[in-house]
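Observations on the three-dimensional arrangement
Here is what each chain is made of, one letter per residue.
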Amino acid sequence: MIYFQLFWEFFKTGLFAVGGGLATIPFLQDIAEKYPWFTPNDLLDMIAVSESTPGPMGVNSATYAGFHAAGIPGSLLATFSLVLPSVIVIILVSRALTRFKDSVLVRDAFYGLRPASAGLIFGAMLEVFVASLFHTELWRGLGSLAAVFNLPAIVFFLLLSIAIWKLPRIHPIAFIAAGAVCGVLFQF
């Protein structure tokens, strides 16, 4: 049963997560709420690891989640089912696009997908931003406002953002490594 659930959930994610790996985050959040395969905190770790390792983030996340759910067979199945809709759509679109490439309807449909995928990516970015810099679970009203702010993480985020802006010639790997080291040292 777990294999069917893995297949179905990641097939849906692959089918509807238009816009790349970050667009899979809302779907992964939904999976985290429905199944015990990984927690919302695990999801943040999955995003960090997936963004830091080679390969598409969505595929890396599916592999990670599938492994947590059902070991190596689960990781293979989740990855396969995430990629399968893209393969099917690419085959269908490549055959239809040559026939309908001048269609106003097709052009308009692709134009409409742009803001939809941008919205999915922005929403995912906002979720990661809030989860990384704030302790929303500590919110108990205005009296607890100070406890919500993760000040070390906010300061580090601001310093790193300024460094990235002012030092554009430094390779991104250096910033990723700095973030990992600071996370280990200070446990934001």
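Quick notes on the rules
- Residues numbered from 1 in each chain as written.
- Predicted model: local features only at pLDDT ≥ 70, side-chain atom pairs only at ≥ 80, totals over all residues.
- Heavy atoms only, no water.
- Helix = DSSP H or I, 4+ residues; strand = E, 2+ residues; numbered from the N terminus.
- Buried < 20%, exposed > 50% of the residue type's maximum accessible area, 1.4 Å probe, protein only.
- Contact = heavy atoms within 4.5 Å.
- Axes fitted to C-alpha atoms, helices over the stretch in contact; angles between N-to-C directions.
- Parallel < 35°, antiparallel > 145°, perpendicular 65-115°, else oblique.
- Nonpolar A, V, L, I, M, F, W, Y, C, P; charged D, E, K, R; others polar.
- Arc of directions from axis to C-beta.
- Salt bridge = Lys/Arg side-chain N within 4 Å of Asp/Glu carboxyl O.
- Phe/Tyr/Trp six-rings, centres within 6.5 Å; stacked < 30°, edge-to-face > 60°.
- Core = buried A, V, L, I, M, F, W, Y, C linked by side-chain atoms within 4.5 Å.
- Patch = residues over 30% accessible without salt bridge, like charges linked within 9 Å, V, L, I, M, F, W, Y side chains within 5 Å.
- Areas by Shrake-Rupley, 256 points an atom, 1.4 Å probe, with all protein chains shown as cover.

Moving on: the overall build of the chain. Along its length, the chain carries 8 helices and 0 strands. Counting from the amino terminus, the chain carries its helices and strands in the arrangement α-α-α-α-α-α-α-α. On the principal axes, the C-alpha backbone points of the chain span a range of 60 × 45 × 35 Å. When the 188 residues of the chain are sorted by exposure, 26% land in the buried category. Across the chain, every contact between residues at least 6 apart in sequence was considered, and the portion connecting residues at least 24 apart equals 51%.

Take the packing of helix H2 (residues 25-34) against helix H5 (residues 104-133) next. Viewed as axis vectors pointing N to C, H2 and H5 meet at an angle of 55°, and their least axial separation amounts to 8 Å. What the angle tells us is that H2 and H5 run oblique. Facing H2, whose interface residues are Ile 25, Pro 26 and Gln 29, H5 presents Leu 120, Ala 124, Glu 127 and Val 128. Residue composition of the contact of H2 with H5, by class: 5 nonpolar, 1 polar and 1 charged.

Before going further, it helps to examine H2. Among the residues of H2, Ile 25, Leu 28, Ile 31 and Ala 32 are the ones counted as buried. All buried residues of H2 lie within an arc of 115° about the axis, which places them on one face of the element. Check the buried side of H2 and you find it contacts helix H1 (2-16), helix H3 (40-52), helix H4 (57-100) and H5.

Within the secondary structure layout, Ala 17 lies in the loop between H1 and H2. Judged by its relative accessible area of 13%, Ala 17 is buried. Along the backbone, Ala 17 and Ser 86 are 69 residues apart, and their C-alpha atoms lie at a distance of 10.0 Å.

A complete count under the given rule lists 4 salt bridges for this structure. Taking the shortest distance from any N to any O, the salt bridge between Lys 34 and Glu 9 comes out at 3.2 Å. Highlighted residues: Lys 34 in helix H2 and Glu 9 in helix H1, separated in sequence by 25 residues. Between Asp 108 and Arg 107 there is a salt bridge; the shortest N-O distance is 3.7 Å. For Arg 107, a relative accessible area of 52% puts it in the exposed group. Via salt bridges that share partners, Glu 9, Lys 12, Asp 30 and Lys 34 belong to a single interconnected network.

Next up on the list: the packing of aromatic side chains. Going through the model one piece at a time under the given rule, you end up with 6 aromatic pairs. Aromatic pair Phe 7 and Phe 11: ring centres 5.6 Å apart, planes at 20°, arrangement stacked. Here Phe 7 and its partner Phe 11 are both found in helix H1, 4 residues apart, which amounts to about one turn of the helix. For Phe 11, a relative accessible area of 17% gives the class buried.

Nonpolar side chains in soluble globular proteins tend to end up buried together. In this structure, Leu 6, Phe 10, Leu 28, Ile 31, Trp 37 and Phe 38 are the most contacted members of the largest nonpolar core, which totals 20 residues. Looking at this core element by element, the count peaks at 7 residues for H4.

Moving on, we come to a nonpolar patch on the surface. The grouping of Leu 15, Phe 16, Val 18, Val 89, Val 93, Leu 97, Phe 110 and Leu 113 at the surface amounts to a nonpolar patch, some 620 Å² of accessible area in total. When residues of the nonpolar patch are traced back to their parent elements, those giving at least two are H1, H4 and H5. Looking at the nonpolar patch, the element that brings in the most residues is H4, giving 3 residues. By the element assignment, Val 89 lies in helix H4.

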